[in-house]
Amino acid sequence: AIFCHAQVVLAVLVFSVLTSERSAERYGDSIQIALPLVAFGCALSGGGGGEFFLRFLALEAAIHIPKQTLGDAPINTRPSGGGEGFPSGHTAAAAFGASALVQDCIKGAPAVKAAVIISAAYVGASRIDAGKHTIWQVLAGGIVGWGVERSLRTPGVVRTRVLFALRSLGRRLRAAVGLTQRPLPEFEA
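Since the model is a prediction, treat every value here as computed from it, not as a measurement.

Our next topic: the overall build of the protein. On a plain count of helices and strands, the protein comes out with 7 helices and 0 strands. Computed over C-alpha atoms, the radius of gyration of the protein comes to 17 Å, within 12% of the 16 Å expected from 2.2 N^0.38 for 189 residues, which places it in the range of a compact globule. Counting every position in the protein, which comprises 189 residues, the buried fraction comes to 38%. Long-range contacts, defined as pairs at least 24 residues apart, comprise 69% of the intrachain contacts of the protein with a sequence gap of at least 6. Split by element, the accessible area of the protein, about 10100 Å² in all, is 69% carbon and sulfur. Treating the 18 positive side-chain charges of the protein as one cloud and the 12 negative ones as another, the clouds have centres 6 Å apart.

Right, let's get into helix α6 (residues 135-151). Taking 1.5 Å of rise per residue, the 17 residues of α6 would be expected to cover 24 Å, and the 24 Å separating its terminal C-alpha atoms lies within 8% of that figure. Turning to α6, its buried residues are Gln137, Val138, Ala140, Gly141, Gly145, Val148 and Glu149. Angular distribution of buried residues about the axis of α6 spans 160°; they occupy a single face of the element. Of the exposed residues in α6, those oriented more than 90 degrees away from the buried face are Trp136, Ile143 and Trp146.

Moving on to unusual backbone geometry. Trans is the prevailing form of peptide bonds, just as negative phi is the prevailing case for residues other than glycine. Backbone torsion omega between Phe86 and Pro87 reads -5°, so that peptide bond is classified as cis. Looking at where Pro87 falls in the secondary structure, it is placed in the loop between α3 (49-69) and α4 (89-105). Although it is not a glycine, Glu84 adopts a positive phi angle of roughly 55°.

Glancing now at the environment of Asp29. The residue Asp29 is located in helix α2 (residues 24-45) in this model. Placed 85 residues apart in sequence, Asp29 and Ala114 show a C-alpha to C-alpha distance of 19 Å. Apart from the residues lying within four places of it in its own chain, the contact partners of Asp29 are His90 and Arg127. At 2.7 Å, the side chain of Asp29 forms a polar contact with the side chain of Arg26.

Right, let's get into the packing of α3 against α4. Packed helix pairs are characterised by how far apart their axes lie and by the angle those axes make with each other. Axis separation between α3 and α4 bottoms out at 10 Å; the angle between their running directions is 155°. What the angle tells us is that α3 and α4 run roughly antiparallel. When you trace α3 past α4, the crossing you get is right-handed. Only Gly89, Ala92, Ala93, Phe96, Ala100 and Asp104 of α4 make contact with α3, whose side of the interface consists of Phe52, Arg55, Phe56, Leu59, Ile63 and Lys67.

One broad rule of soluble globular proteins: the nonpolar side chains tend to lie buried together. One finds Val9, Leu35, Leu101, Ile106, Val112 and Val116 to be the most contacted residues of the largest nonpolar core, which totals 32 residues. At the level of secondary structure, the elements contributing two or more residues to this core comprise α1 (2-18), α2, α3, α4, α5 (110-129) and α7 (157-176). Among the elements that make up this core, the one with the highest residue count is α4 (8 residues). Sequence-distant contacts of Leu35, defined by excluding residues within four places in its chain, comprise Leu13, Ala94, Gly97, Ala98, Leu101, Val116, Ser119 and Ala120.

Here the focus is the environment of Cys4. Examined against the element boundaries, Cys4 turns out to sit in helix α1. Taking the C-alpha atoms as reference points, Cys4 and Ala114, separated by 110 residues in sequence, lie 17 Å from one another.

The subject of this paragraph is α4. For α4, spanning 17 residues, the distance from its first C-alpha to its last is 23 Å, which sits close to the expected 24 Å at 1.5 Å a residue. A large share of α4 lies buried, amounting to 14 of its 17 residues.

To continue, consider the packing of α4 against α5. Where α4 contacts α5, the axes come no closer than 9 Å and their chain directions differ by 175°. In this view, α4 runs roughly antiparallel relative to α5, as classed from their interaxial angle. Of the residues in α5, those touching α4 at His90, Thr91, Ala94, Ala95, Ala98, Leu101 and Val102 are Lys113, Val116, Ile117, Ala120, Val123, Gly124 and Arg127. Among the residues making up the contact of α4 with α5, the classes are represented as 9 nonpolar, 3 polar and 2 charged.

Thresholds applied
Residues numbered from 1 in each chain as written. Predicted model: local features only at pLDDT ≥ 70, side-chain atom pairs only at ≥ 80, totals over all residues. Heavy atoms only, no water. Helix = DSSP H or I, 4+ residues; strand = E, 2+ residues; numbered from the N terminus. Rg over C-alpha atoms; globule rule 2.2 N^0.38 Å. Buried < 20%, exposed > 50% of the residue type's maximum accessible area, 1.4 Å probe, protein only. Contact = heavy atoms within 4.5 Å. Areas by Shrake-Rupley, 256 points an atom, 1.4 Å probe, with all protein chains shown as cover. Lys, Arg positive; Asp, Glu negative; His and termini not counted. Charge placed at Lys NZ, Arg CZ, Asp CG, Glu CD. Expected span 1.5 Å × (residues − 1). Arc of directions from axis to C-beta. Polar contact = N/O pair within 3.5 Å; in protein donor to acceptor, adjacent residues only side chain to side chain. Axes fitted to C-alpha atoms, helices over the stretch in contact; angles between N-to-C directions. Parallel < 35°, antiparallel > 145°, perpendicular 65-115°, else oblique. Left-handed = near helix turned anticlockwise from the far one by under 90°. Core = buried A, V, L, I, M, F, W, Y, C linked by side-chain atoms within 4.5 Å. Nonpolar A, V, L, I, M, F, W, Y, C, P; charged D, E, K, R; others polar.

So, in structure tokens, the structure goes:
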């Protein structure tokens, strides 16, 4: 199964690059989608899709809350102008996906692990090259992506609080759009 997973991961990475517009920025755009997407597929195949999805929702919050709350702070200003630069969401998504793949999907494939980690780093470099983020914004994105993926993977206080908040939000959203109150899946806190 590991060999098959490794082949799929490599195939998705190659496909995402081959179908991208030929520029560093566009390659990075594609890879930042491919890494978490293939990690989600791997999680689904192992029965952990719900957990992965909740961790990804927490990642989105960890990316967008600082972008919104830092306002015009210098750390939040993009090199090309504008705000909402801290942290780099592209880099956070890529690091999140890479961490999940390395931990769950390609444990016995060191060459594929290296390709995944280098691909995630490439995403960050592409953001700097495109003038979308500073090195500090990219480093923060990498730390946020990796940190959320790792810290919410195992039971503990942080995970318990985040899962409770996400479940509460899910109930409120379902009620707001008029969905019936089916029980949400339970996850080990």
